[in-house]
Amino acid sequence: TADRARMESYLESIHSLETRIAASEAELSCEPGERPTHSESYPERLDQVFDLTVLAMKCDATRVITINLGDLYSGLVMSSFAPGTSSTQDLHSMSHSNPGAHAGAVRWFAGKYASLIAKLKAEPDVDGTLLDNSLVLMTSEIGRGNDHYAGDLPVFLAGRGGGAINTGRRLE
């Protein structure tokens, strides 16, 4: 039946994600270790978070999810996975002194946001897709990095919220 096929697909998704997470995990311990550093594994770990998000929503385990992709003070150096970013500067340094590289980082994060939107759009749900029944917000803590200007913040909202939101608009 359709329900059985959906359940089998869901269980296979969980198994596949568990395998990916297990392959990328460092040794687990209850003892505090060193603060994690961001490395080439950051994009894969972010994709795993997105997959967990979709699975949690798919099985209706939650209706609210918050994902922080990183902030200016995370120490994230993106050059190994985000073309056009600085090879030595973290996000905060790029925001002050290297606007071109910082713009590359913003484009990379926007692409990741788009990938989450695509995953939600690809999942069937009651009366449409998970995206149709969700609202996904992306924003930033600053509008301009070189002087920490907090105006003109970029705000992107995707999804229809179960039909409560009219899409396809750009608001000023």
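Reading guide: rules and limits
Residues numbered from 1 in each chain as written. Predicted model: local features only at pLDDT ≥ 70, side-chain atom pairs only at ≥ 80, totals over all residues. Heavy atoms only, no water. Phe/Tyr/Trp six-rings, centres within 6.5 Å; stacked < 30°, edge-to-face > 60°. Buried < 20%, exposed > 50% of the residue type's maximum accessible area, 1.4 Å probe, protein only. Helix = DSSP H or I, 4+ residues; strand = E, 2+ residues; numbered from the N terminus. 1 Å grid on protein atoms, 1.4 Å probe; cavity = no way out; pocket = protein on both sides within 12 Å on 5 of 7 lines; lining within 4 Å. Points joined across faces, edges and corners; volume = space filled by probe spheres on them. Nonpolar A, V, L, I, M, F, W, Y, C, P; charged D, E, K, R; others polar. Salt bridge = Lys/Arg side-chain N within 4 Å of Asp/Glu carboxyl O. Contact = heavy atoms within 4.5 Å. Core = buried A, V, L, I, M, F, W, Y, C linked by side-chain atoms within 4.5 Å.

## Quick look at the packing of aromatic side chains
Line of reasoning, step 1. For the structure on display, the rule yields 5 aromatic pairs.
Line of reasoning, step 2. Taken together, a centroid distance of 5.2 Å and an interplanar angle of 75° make the contact between W108 and F109 edge-to-face. Comparing W108 with F109 shows no difference in burial state: the two are buried.
Line of reasoning, step 3. Where Y113 meets F156, the ring centres are 6.5 Å apart and the plane angle is 45°; that geometry is what we call tilted. Linking Y113 in helix α4 (residues 99-122) with F156 in strand β4 (residues 155-158), this pair joins segments that are 43 residues apart in sequence.
Line of reasoning, step 4. Judged by relative accessible area, which is 44%, F156 ranks as partly exposed.
Line of reasoning, step 5. Through a chain of ring-to-ring contacts, three or more aromatic side chains come together here, namely Y42, F81, W108 and F109.

## Examining the layout of surface pockets
One simple way to see leftover space: roll a probe sized like a water molecule over the atoms.
Line of reasoning, step 1. Taken as a whole, the largest pocket encloses approximately 920 Å³ of empty space.
Line of reasoning, step 2. In terms of lining, the largest pocket is formed by 36 residues, of which the most central are I67, L69, L137, M138 and T139.
Line of reasoning, step 3. Broken down by secondary-structure element, the contributors of at least two residues to the lining of the largest pocket are α2 (42-58), α4, β3 (136-139) and β4.
Line of reasoning, step 4. Considering each element in turn, the lining of the largest pocket owes the most residues, 7 residues, to α4.
Line of reasoning, step 5. Its residues placed into classes, the lining of the largest pocket shows 22 nonpolar, 10 polar and 4 charged.

## Describing the pattern of salt bridges
Line of reasoning, step 1. In this structure the tally under the stated criterion is 3 salt bridges.
Line of reasoning, step 2. The residue D47 makes a salt bridge to K112 at a minimum N-O spacing of 2.7 Å. Linking D47 in helix α2 with K112 in helix α4, this pair joins segments that are 65 residues apart in sequence.
Line of reasoning, step 3. Of the residues examined, D47 reaches a relative accessible area of 19% and is grouped as buried.
Line of reasoning, step 4. K112 gets classed as buried once you look at its relative accessible area, which sits at 12%.

## What to know about the environment of W108
Line of reasoning, step 1. If you trace the backbone, W108 turns up in helix α4.
Line of reasoning, step 2. C-alpha of W108 to C-alpha of T85: the two residues are 23 residues apart in sequence and 9.3 Å apart in space.
Line of reasoning, step 3. In this structure, W108 is in contact with Y42, P43, L46, M78, F81 and A82, ignoring residues within four places of it in sequence.

## Description of the nonpolar core
Line of reasoning, step 1. In this structure, Y42, M78, W108, F109 and L120 are the most contacted members of the largest nonpolar core, which totals 25 residues.
Line of reasoning, step 2. Per-element accounting of this core gives the leading share, 8 residues, to α4.
Line of reasoning, step 3. Ignoring anything within four residues of it in the chain, the contact list for L120 reads V54, M57, T129, L130, L131 and V136.

Just geometry here; none of it tells us what the structure is for.
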